[in-house]
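Descriptive analysis of the structure
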Amino acid sequence: MRSPDRHGYFGNFGGKFVPETLMAALSELEIAYKKACAKKAFKEELDSYLKDYAGRPTPLYFAERLTERAGGARIYLKREDLLHTGAHKINNTLGQVLLALKMGKSRVIAETGAGQHGVATATVAALFGLECEIFMGEEDIKRQAVNVFKMKLLKAKVTPVSSGSRTLKDAMNEAIRNWVTNVRTTYYCIGSVAGPHPYPVMVRDFQSVIGREARVQSLRIFKSIPDHIVACVGGGSNAMGIFYAFLNDKVKFAGVEAAGLGLGTGKHAATLCKGSVGVLHGSKSYILQDDDGQIEIAHSISAGLDYPGVGPEHSCFKESGRAQYVAVTDKQALEGFKMLTELEGIIPALESSHAVYYASKLAKKLSKDKKIIVCLSGRGDKDIDIVRGVL
Amino acid sequence: MNRIDKKFRELKREGKKAFIAYITAGDPSLSVTKRIVLSLEESGADIVELGIPFSDPIADGPTIQAASHRALAGGVTLKKIFSMMGALRKTTRIPVAFMTYYNPVLKYGVEKFVKSCKHNGVDGVIIPDLPHEEAKDLIRCARREGVATIFLAAPTSTRKRIKDIVKSSTGFIYYVSLTGVTGARSKLPPEIASNVRAIKSMARKPVAVGFGISSPGQARDMARIADGVIVGSAIVKIVAANQKNSKMLILKISQFTKTLARGIHNA
């Protein structure tokens, strides 16, 4: 199934599980989004910002020394790390904030984990002169201090969230609560392909520029579509963004989740690998939960993957077998981080390092004529302190 | 007849409005919860809304979030709450509605959940993150077992949505007084009266108002507008402040309940 049905379901997953207060706002958003999609002018405006402001298209780069080291399939990197603000997140925030402007909203709020989505939202809010408030878990504020400072420089209010695990999940709870309170004036800019309908489809559409470009670039550079696409999955926006244009191609998709300290330790964020079906943050999808349906606390070295839920379309892909979901530990991700830094001179985000590590292992098992594209979703500047602490 | 329906019918005959008191189950412990319910009944509450704690209560403000957290930290589970309810039913006839989020219900099993409600004397369910569109399974099972499905209507609900909410609801309709989460407010929006009137014009079912109502004066004012008044966070605050002294806790809740009940019943 290509799109969600009219209730926002991808197969058995998705829907709208939110307080009644938000139901009218979701309908309003759905209508505004459909209207914007139908307008050529909206698409052109967004494209021009993506090009001249964010820096699209991003290169598809052949990682020769990484390929050599892995000793098998050719590894190409889709360089989302080169975008303005340092990650793929800006593709989505530009789209959503433009939409917010069309809807006449004067205030934008967002949740953030690693801070990349927060920075991207604050950036675009600054660009358009909108009031901006970012909700961020106290734990993440500690480990992503640079991004917090950036958001403040951009004149966003950063509100620390001290409930629960003090990470992305709790930031999202607080953002939803704030949206319920200010729903009439405020636009909630969700950063992943998660949340209630229409967010999963809208964020997917805004991020699908990654895959559309990569597909054209593949045909140009190696005259065929790739054999494998690898991307990290927290909520799953960069993965869905690169997968989607290849949906009907004979390409194998691998989503790489965070195995944290190990899948057997209970300290991981591998929602699709180890979770079960439930409802969290507005949609039905795989989640990490205990026997009583309480949400479990995720763990990952990378704040952006540290989330006990996942976008509903990924759950649908898991069930249909369209994508395979695997997991990589903190330690392995650090290995991927070092490998890419030392061999290619590219310092990747810890999130993307999960995909890099898995791709290098996958390449080894494949013949040299095969091609793998890795979505390098972000750069690692924000993670330097964490890496310094553990390497 | 469902105990909630029966209660509203009784009150109507007496020309009175319903006082619905919320507490979180297991805060500070299930044995104290039992005593609080009995004390609420004795002190004039008409219906008890019993919160089933969830780790991520997106519709709740800080007071009830903290109560849920305390209850979960104390090891409370849905199973334990059901068995407490079963025991409580031997000594009380006060109508009880569960208020919880959808995930614990889904995990327990929707059908099994409704059957356990019936079996243990839970008369209705309120699930704030489950709009009626997503509630078909729940409604089907609940109708069969005679358990009330209480849906929420909000200030932002369209006329069309309110019509569907009215149709999906049994027991009563829960009108959310404001755009926001639960928690005491010093001021409530003036449009409550006209919104409640609009809902009542579409429903031959009771409409109760909740969210933000904390003082006896507010409760009395709301009772003049609606068929029922829900007070939660203001009661939970008393529980929070008297965690270690259950005697004091019960005494204070009883005093507060009596004041609220007087205001609501004499409105």
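Below is a summary of the structure that appears in this document. Throughout, a residue's number is its position along its own chain's written sequence, starting from 1. Labels are handed out in written order, letters beginning with A for the chains and numbers beginning with 1 for the ligands. Given that the model is predicted, a residue must reach a pLDDT of at least 70 before its local features are reported, and side-chain atom pairs must reach 80 or more before they are shown or counted; all residues, however, enter totals for whole chains, interfaces and linings. Computation of side-chain values: all heavy atoms of the structure, hydrogens and water removed.

1. Remarks on the nonpolar core
- Side-chain atoms within 4.5 Å link the members of a nonpolar core, which is a set of buried Ala, Val, Leu, Ile, Met, Phe, Trp, Tyr and Cys residues. Buried residues are those whose accessible area, probed at 1.4 Å on protein chains only, stays under 20% of the maximum for their type, while exposed residues exceed 50% and partly exposed ones sit between those limits. Grouped together as the largest cluster of nonpolar side chains are 161 residues, with contacts concentrated most on Leu99 of chain A together with Phe98, Phe113 and Phe172 of chain B.
- Per-element accounting of this core gives the leading share, eight residues, to helix α1 (residues 20-38) of chain A.
- Discounting residues that sit within four places of it in the chain, Phe98 of chain B has contacts with Leu50, Ile52, Leu78, Ile81, Phe82, Met85, Phe113, Cys117, Val122, Gly124, Val125 and Ile126 of chain B. Put simply, DSSP marks the helices as runs of H or I at least four residues long and the strands as runs of E at least two long, and each gets a number from the N terminus on. Contact criterion: two residues are considered in contact whenever any of their non-hydrogen atoms come within 4.5 Å of each other.

2. A look at the pairing of strand β4 (residues 74-79) of chain A
All names here are of chain A.
- Counted residue by residue, β4 has five buried out of six residues, so it is predominantly covered.
- Direction of pairing for β4 relative to strand β14 (residues 371-376): parallel, over a ladder of six bridges. Each bridged residue has a counterpart across the sheet, and for Ile75 the counterpart in β14 is Ile372. Strands qualify as paired when DSSP identifies two bridges or more between them.

3. Details of the packing of aromatic side chains
- Aromatic rings from Phe, Tyr and Trp, taking only the six-membered ring of Trp, are treated as a pair when their centres fall within 6.5 Å; an angle between ring planes under 30 degrees marks them as stacked, one over 60 as edge-to-face, and anything in between as tilted. Scanning all chains against the criterion turns up 19 aromatic pairs over all chains.
- Linked through ring pairs, Phe82, Phe98, Tyr108 and Phe113 of chain B together constitute an aromatic cluster.
- A positively charged side chain is recorded as over a ring if its NZ (Lys) or CZ (Arg) lies within 6 Å of the ring centre. The angle to the ring normal must also be within 35 degrees. One Lys or Arg, Arg74 of chain A, reaches over the ring of Phe62 of chain A and ends 4.1 Å from the middle of that ring.
- A cation sits over an aromatic face here: Lys112 of chain B above Tyr108 of chain B, 4.3 Å from the ring centre.

4. A look at the sheet that holds strand β9 (residues 228-231) of chain B
- Within the open sheet, the nine strands sit side by side as β5-β4-β3-β2-β1-β9-β8-β7-β6 (chain B). Their pairing is parallel. Edge positions in the open sheet fall to β5 (148-150) and β6 (152-153) of chain B, since each of these has one partner strand only.

5. Some points on the sheet that holds strand β3 (residues 60-62) of chain A
Residues and elements named next belong to chain A.
- Ordered by their spatial adjacency, six strands build an open sheet running β3-β4-β14-β9-β10-β13, and the pairing between neighbours is mixed. Edge strands, defined here as strands with exactly one partner in the open sheet, are β3 and β13 (323-329). Here the strands of the sheet are splayed against their neighbours by 30 degrees on average, with no regard to which way each runs.
- As judged from the seven bridges shared by strand β10 (residues 252-260) and β13, these two strands associate in the parallel manner. By the bridge assignment for β13, Ala254 is matched with Gln324.
- Every angle, taken between N-to-C directions, lies between 0 and 180 degrees, and every axis is a line fitted to C-alpha atoms, over only the stretch in contact when it is a helix. In the packing of helix α10 (residues 209-221) onto the sheet, contacts are made with β3, β4 and β14, and the angle to β4 comes to roughly 140 degrees.
- Taken strand by strand, helix α14 (residues 330-344) contacts β3, β4, β10, β13 and β14, and its axis lies near 90 degrees from that of β13.

Read these as spatial facts, not as claims about activity.
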